[in-house]
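# Coordinate inspection notes
Okay, here's what each chain looks like letter by letter:
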Amino acid sequence: MTAGLPVVIFGAAVRPDGTPTATLRYRTEAAIAYGRTLPSPLFIPTGGSPDGRPTEAALMADLLRAAGVPDRAIVVEDTARDTLDSVLACTALLRARGCRGPVAVASSAYHLPRCLVLMRQAGWRVVRVPPPRVPASRHLGRRWFWRLREIPALPWDMLLLARQGRASGD
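Just so you know, these numbers come straight off a predicted model, no measurement behind them. By convention here, each chain's residues receive numbers from 1 onward along its written sequence. Side-chain atom pairs in this predicted model are given and counted only at pLDDT of 80 or more, local residue features only at pLDDT of at least 70, and totals for whole chains, interfaces and linings cover all residues. Each side-chain value is derived from all of the structure's non-hydrogen atoms; neither hydrogens nor water enter the calculation.

### A closer look at helix H4 (residues 112-121)
Applied cut-off: Think of it in three bands: with a 1.4 Å probe and only protein chains considered, a residue is buried below 20% of the maximum accessible area for its type, exposed above 50%, and partly exposed in between. In this text, helices come from DSSP runs of H or I with a minimum length of four residues, and strands from runs of E with a minimum of two, each type numbered from the N-terminal end.
Every buried residue belonging to H4 is among Leu112, Arg114, Cys115, Leu116, Leu118 and Met119, and all of these are buried. Looking at the residues trailing H4, positive phi occurs at Gly123, about 105 degrees.

So this is what it looks like as C-alpha cells:
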C-alpha cells in the first residue's frame with residue numbers, strides 16, 4: 001500500500017434533497033483535521049444510498065476535495081447500507097490494497113465506540129480519530145436518542161459480524 005494511514009470515515013444520513021447533513025459534514029471535518037497531522041493519509045469515506053440520492057461516501061469525497069485533499073488520497077466505498085456493512089466493505093477494500101493496519105476510525109462521539117469495536121472485531125488495530133466537538137442534535141431528547149440507540153446496536157452488530165466470520169470460515 002503506497003499511501004499512509006487509512007482514515008475510514010463512517011457515513012451519516014443524506015438530506016432528502018441530496019445534500020450532506022451537519023453530521024456528515026462534521027465527521028468529514030474531524031477526519032480532515034486528523035489527516036492534517038499525518039504525513040500521507042488515505043481517506044476512505046464509506047456509505048451508500050438506499051434510495052437513489054447521492055451516496056454518503058460521494059458527498060464526503062466532495063467535502064474532502066473541497067478541503068484540498070487530492071483524489072489520489074481518497075478511496076470511495078459507496079456500497080455499505082449501515083455501520084456493519086461499512087466495516088465489512090472497508091475491510092475487504094483495505095485487504096485488497098494490502099493494508100495490514102492500523103486503521104484510523106472517524107465518526108461522531110455517540111457512534112465512534114461501535115465503529116471502533118467492530119473494526120477491532122474485524123481484525124484491525126484501530127486509532128480513534130477525535131470526534132467532532134458538536135452534539136448529534138441541539139435538542140436534548142434527540143441527543144439521548146442517538147446515544148441510546150447504540151446500546152442494542154453494538155451487541156447486535158457484533159453478533160452478526162461473528163456469524164459472518166464463521167460463515168466465511170475465519
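### A word on the environment of Val69
Our working rule: Here, residues are in contact when the closest pair of their heavy atoms is within 4.5 Å.
Mapped onto the elements of the fold, Val69 is located in the loop between helix H2 (56-66) and helix H3 (83-96). The spatial distance from the C-alpha of Val69 to the C-alpha of Gly35 is 9.5 Å, given a sequence separation of 34 residues. Setting aside anything within four residues of it in sequence, one finds Val69 in contact with Phe43, Leu64 and Ile74.

### Looking at the packing of aromatic side chains
Rule in force here: When two rings of Phe, Tyr or Trp (its six-membered ring) have centres within 6.5 Å they constitute a pair, described as stacked for plane angles under 30 degrees, edge-to-face for angles over 60, and tilted for the intermediate range. Charges are assigned to positions over rings by a cutoff of 6 Å between ring centre and Lys NZ or Arg CZ, combined with an angular limit of 35 degrees from the ring normal.
Counted under the stated rule, the structure contains 0 aromatic pairs. One residue, Arg95, lies across the ring of Trp124, its end atom 3.8 Å from the ring centre.

### Section: the pairing of strand E3 (residues 103-106)
It is a general feature of regular strands that their side chains alternate between the two faces of the sheet. Applied cut-off: When DSSP finds at least two bridges between two strands, those strands are taken to pair. For crossovers, right-handed means that the path from the first strand over the helix to the second runs clockwise, given strands pointing away from the viewer.
Burial along E3 is two-sided: Val103 and Val105 and Ala104 and Ala106, pointing in opposite directions, are all buried. One ladder, built from 3 bridges, connects strand E1 (residues 6-10) with E3; its direction is parallel. Across the sheet, residue Val8 finds its bridge partner in E3, namely Val105. Pairing of E3 with strand E4 (residues 126-128), which is carried by 3 bridges, proceeds in the parallel orientation. From the neighbouring strand, Ala104 faces E4, where its bridge partner is Val127. Each parallel crossover has a hand, and the one from E3 via H4 to E4 is right-handed.

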